[in-house]
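Fold and geometry: a report
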Amino acid sequence: RYYREVLPGEIVKISRYDVQTLDVVPRPEGDPSAFCIFEYVYFARPDSIFEGQMVYSVRRRCGQQLAIEAPVEADLVSTVPESATPAALGYAQKCGLPYVEVLCKNRYVGRTFIQPNMRLRQLGVAKKFGVLSDNFKGKRVVIIDDSIVRGNTISPIIKLLRESGAKEVHIRVASPPIRFPCYMGINIPTKEELIANRPEFHDLANYIGADSVVYLSVEGLVSSVQESIKARQENENSLKTQKSRVGKIGHCIACLTGEYPVELEW
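Attention here is on the structure that accompanies the text.

Calculation rules
Residues numbered from 1 in each chain as written. Predicted model: local features only at pLDDT ≥ 70, side-chain atom pairs only at ≥ 80, totals over all residues. Heavy atoms only, no water. Core = buried A, V, L, I, M, F, W, Y, C linked by side-chain atoms within 4.5 Å. Buried < 20%, exposed > 50% of the residue type's maximum accessible area, 1.4 Å probe, protein only. Helix = DSSP H or I, 4+ residues; strand = E, 2+ residues; numbered from the N terminus. Domains from an automatic or database assignment. Contact = heavy atoms within 4.5 Å. Salt bridge = Lys/Arg side-chain N within 4 Å of Asp/Glu carboxyl O.

Ranked by size, the top nonpolar core spans 35 residues in total, and within it V77, Y91, I144, I178 and L221 carry the most contacts. Of all the secondary structure elements, the ones that give two or more residues to this core are α1 (37-43), α2 (55-69), α3 (85-95), β9 (140-145), α7 (218-236) and α9 (254-257). The two domains that each donate at least three residues to this core are domain 1 (10-52 + 221-257) and domain 2 (56-220). If we ignore the near neighbours within four places in the chain, the residues touching V77 are A88, Y91, A92, L97, P98, Y99, V100, V142 and I144. In terms of nonpolar packing, the next biggest core, distinct from the first, is built from 24 residues, L103, F129, A196 and L204 among them.

For the coordinates displayed, the defined rule picks out 6 salt bridges. Across the pair R150 and E193 runs a salt bridge, and its minimum N-O distance is 3.6 Å. Taken together, the residues span a long stretch of sequence, with R150 in the loop between β9 and α5 (154-163) and E193 in the loop between β10 (168-173) and α6 (204-208) at a distance of 43 residues. For R150, a relative accessible area of 13% corresponds to the buried category. Here E193 falls in the partly exposed class, since its relative accessible area comes to 33%.

What follows deals with unusual backbone geometry. P81 connects to E82 through a cis peptide bond whose omega is 0°. Mapped onto the secondary structure, E82 falls in the loop between β6 (76-79) and α3. The backbone of E51 shows a phi angle near 55°, a positive value even though the residue is not glycine. Along the chain, E51 turns up in the loop between β4 (49-50) and β5 (53-54).

See below:
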């Protein structure tokens, strides 16, 4: 059963009798926390709980916000399974469109995001998905993806859908463009490999074969992540305490903005 989160810098001892805090490494005064926002976008399991909120709920809010920022005339909404599914459900709900599965995932293939070269990633995509063509033949499809990193894996998916009868394929991304490498231990490619930094990005829809591509804004992602945290603090704290604590909410968005939570040393 869920007990509680381990605090940043906390050393915990768990025994058959209880859970004890042995020590907490203090954060420098005034420094906000900098929890990796990409955990919410992609890495974490949807049933994970971070900062008092379930990842699934955050991803659904991202989809709802994406629908506000980037609506489109379409017949149905679907997803690139599986981490984008909550966002797709949120998008469909907000737009009033039906959510329909168009891709069937092979569960025995690993994550293509971390394959070491483009050829392996594209082969991985070919093995990773089958199409449920009866669900979308002749229809305008909105595909929600959690992120586009290099742009190599989404292209075969779009091609697969078009060859199987999709009338239009619109891509909506439930996170902002990734523009900067991560120096905090996450396997994000070099700046030059990221599609958001390449010339193709200026005509991304044409490059990947989609009818349109729109990303969630940085502000939209941050507000979706922090909405529940702020609401909980408002409920739990007096106005005086709330003001001192709400300002300390923080997330690392360095891969999106280039603003790192610590000074980089070379």
